[in-house]
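Examining the three-dimensional arrangement
Given next are the chains, with one letter for each unit.
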Amino acid sequence: MSQIGVILYDGVEPIDIGGTVGVISMASRLVPGIAAVTVAKEAGPVRCAGGLTVLATHGFDDAPDCDAWIVTGGPGWRVQTEDEAMLGFLRRLDPARLASVCTGALILGAAGLLEGRPATTRRNASPGEAEAPVALLSRMGAEARPAQIVDPPGGPATGGGVSLAHDLTLHLIGRLHGVATRDAVARLIEYDRAFVANRAALG
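Summary of the structure given here.

A short note on the pairing of strand S1 (residues 2–7)
- Among the six residues of S1, five are classified as buried, and the element is accordingly described as predominantly covered.
- Strand direction decides the pairing type here: S1 and strand S2 (residues 34–40), joined by six bridges, are parallel. What sits directly across from Ile7, in S2, is Val39.
- A crossover links S1 with its parallel partner S2, the connecting element being helix H1 (residues 14–27), and its sense is right-handed.
- Judged from the four bridges that link them, S1 and strand S6 (residues 68–71) form a sheet pairing that is parallel. In the sheet register, Val6 faces S6, and the bridge partner there is Ile70.

Quick word on the pairing of strand S4 (residues 53–56)
- Burial of the side chains of S4 is restricted to one face: Val54 and Ala56 are buried, whereas none of Thr53 and Leu55 on the reverse face is.
- Hairpin connection, strand S3 (residues 44–47) to S4: the antiparallel pair is bridged by five residues, and Gly50 has positive phi, about 90°.

Regarding the sheet that holds strand S11 (residues 157–159)
- Pairing is mixed in the open sheet, where seven strands are placed in the order S5-S2-S1-S6-S7-S11-S10. Looking at strand neighbours, the two that pair on one side only are strand S5 (58–59) and strand S10 (149–150), the edges of this open sheet.
- With two bridges joining them, S2 and S5 adopt parallel strand pairing. Considered in S5, the bridge of Ala40 is made with Gly59.
- Running at roughly 155° to S1, helix H3 (residues 84–92) makes contact with S1, S2, S6 and strand S7 (98–101) of the sheet.

What counts and how
Residues numbered from 1 in each chain as written. Predicted model: local features only at pLDDT ≥ 70, side-chain atom pairs only at ≥ 80, totals over all residues. Heavy atoms only, no water. Buried < 20%, exposed > 50% of the residue type's maximum accessible area, 1.4 Å probe, protein only. Helix = DSSP H or I, 4+ residues; strand = E, 2+ residues; numbered from the N terminus. Pairing = 2+ DSSP bridges. Right-handed = clockwise from strand over helix to strand, strands pointing away. Contact = heavy atoms within 4.5 Å. Axes fitted to C-alpha atoms, helices over the stretch in contact; angles between N-to-C directions.

Written out as structure tokens, the structure reads:
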């Protein structure tokens, strides 16, 4: 049995929820006991980018112990870099169990958890952004890399942008349950070729 906490906030990108919670949901068909737990500052509705609303089952104060934690990305990341509740919660977690997808890495950076550490995030700027998020990581003290997944010893692990949330979640499943299980889940969600191609293209 393993539990993966997915950390949400207003302005999270729905793709990042599909690439984390959705992949874990599919994995549960192959891995008995694996489950996602959604956590936000407070339990209850979280308004995503684009208007979708989802529910966080736990708040920071009653979050359960998890085998791994994933900070999601989305345009709401900027507000979160100044939210002391979010930053304090992240600092209390074991970095070796902590991960991010897309611009969730910038929240980790704001918490000081990527200082001097290799990390990645979205490589390209979105409309209205002055520079790509991966460039911002360097100014937060990280060793920025345009990669599929970066997982240094002791963590945190970081995944690249948007659809690469699938890749990072599969990587964590492999860490918790083995590479054979990871690859079986990738085949189940018909992402096995994309997973290999992304690694070949991005490293």
